[in-house]
Amino acid sequence: ILSGSAGVSSKTITLKRIVSNNNRRQGLSILRVNGVTVDSCKFMNTNGTPPQDGIDIEPDNDTAQNVTITNCEFGYNVGNGMEMNAKRTTSAVIRNITVQYNYIHHSKYAGYIQHVDNLIFNNNTFDEIQFGPPLKTNDCVGCTLTPNTGS
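Residues numbered from 1 in each chain as written. Predicted model: local features only at pLDDT ≥ 70, side-chain atom pairs only at ≥ 80, totals over all residues. Heavy atoms only, no water.

**Q** How would you sum up the sheet that holds strand E13 (residues 125–129)? Please name residues and give values.
**A** What holds strands together in a sheet is hydrogen bonding between their backbones, with the strands either parallel or antiparallel. One open sheet accounts for six strands, arranged E2-E5-E8-E11-E13-E15; its pairing is parallel. Here the strands that pair on one side only, and so sit at the sheet edges, are strand E2 (19–21) and strand E15 (149–150). Summarising the sheet, strand E5 (residues 42–44) and strand E8 (residues 73–75) pair through three bridges and their orientation is parallel. Bridge pairing links Met44 to Gly75 in E8. (Pairing = 2+ DSSP bridges. Helix = DSSP H or I, 4+ residues; strand = E, 2+ residues; numbered from the N terminus.)

Now the structure itself:
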C-alpha cells in the first residue's frame, strides 16, 4: 500500500523492478499520494479478496495524483489489470495519471476507470482480456485512451 498519513500525502515515490505475485487483495494499492512512478514491475496472480487487481488506485476520501505507470506487466489477476475508482460517495480525487507501454493480459478488464481527471492510458498491449471493451470507463474527463493494441 502506498499512502500517506491522515491528511498528508506520500510524495515522490519510485518503484522499479518489483515483482508482486500471488497477493490476496491487490498487487499494489495506491491511496493518498502525490508523485508516484511505477516502472518495469510485474503484478501477477492477484486472487483471494475482491477486487483482486494488479494495481488499484482508490484514495478513499483523499487524492491520488501525478502517478506514472510504465513498462510493467499485469497478468493472471482475478480482477482487473488496473483499477482507478474515485467513488462519488466519497470526496476522493484521482487526477494526472499516465499509464503507458505496459503489457496487460488475462484479466477482467485491462483498465476499470471511474471518475478520473486527466488520464493518459495509451501505447499499452492487451491480450486475453475477459470483457470488452478492454478499457471500461465512466466519467473520465480530459482522458486519452488510444492508441492501445490487442484485444
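**Q** Give me the nonpolar core: which residues, what numbers.
**A** Judged by nonpolar contacts, the single largest core of 33 residues is most densely connected at Val38, Ile55, Ile57, Ile69, Met84 and Phe121. The element best represented in this core is strand E12 (residues 111–122), accounting for four residues. Excluding its chain neighbours within four sequence positions, the residues that come into contact with Val38 are Leu15, Leu28, Phe43, Ile55, Thr68, Ile69, Thr70 and Cys72. (Core = buried A, V, L, I, M, F, W, Y, C linked by side-chain atoms within 4.5 Å. Buried < 20%, exposed > 50% of the residue type's maximum accessible area, 1.4 Å probe, protein only. Contact = heavy atoms within 4.5 Å.)

**Q** Explain the state of the cysteines to me, and be specific about the residues and the numbers.
**A** Following the criterion strictly, the structure yields one disulfide and no others. Through a disulfide, Cys140 is tied to Cys143; the S-S separation comes to 2.1 Å. Taking the sign of the torsion about the S-S bond as the criterion, the disulfide between Cys140 and Cys143, at about -100°, is left-handed. The exposure class of Cys140 is partly exposed, given its relative accessible area of 23%. With no disulfide of its own, Cys72 lies closest to Cys41 among cysteine sulfurs, the gap being 4.7 Å. (Disulfide = S-S within 2.5 Å.)

Read these as layout, nothing more, since geometry by itself doesn't imply function.
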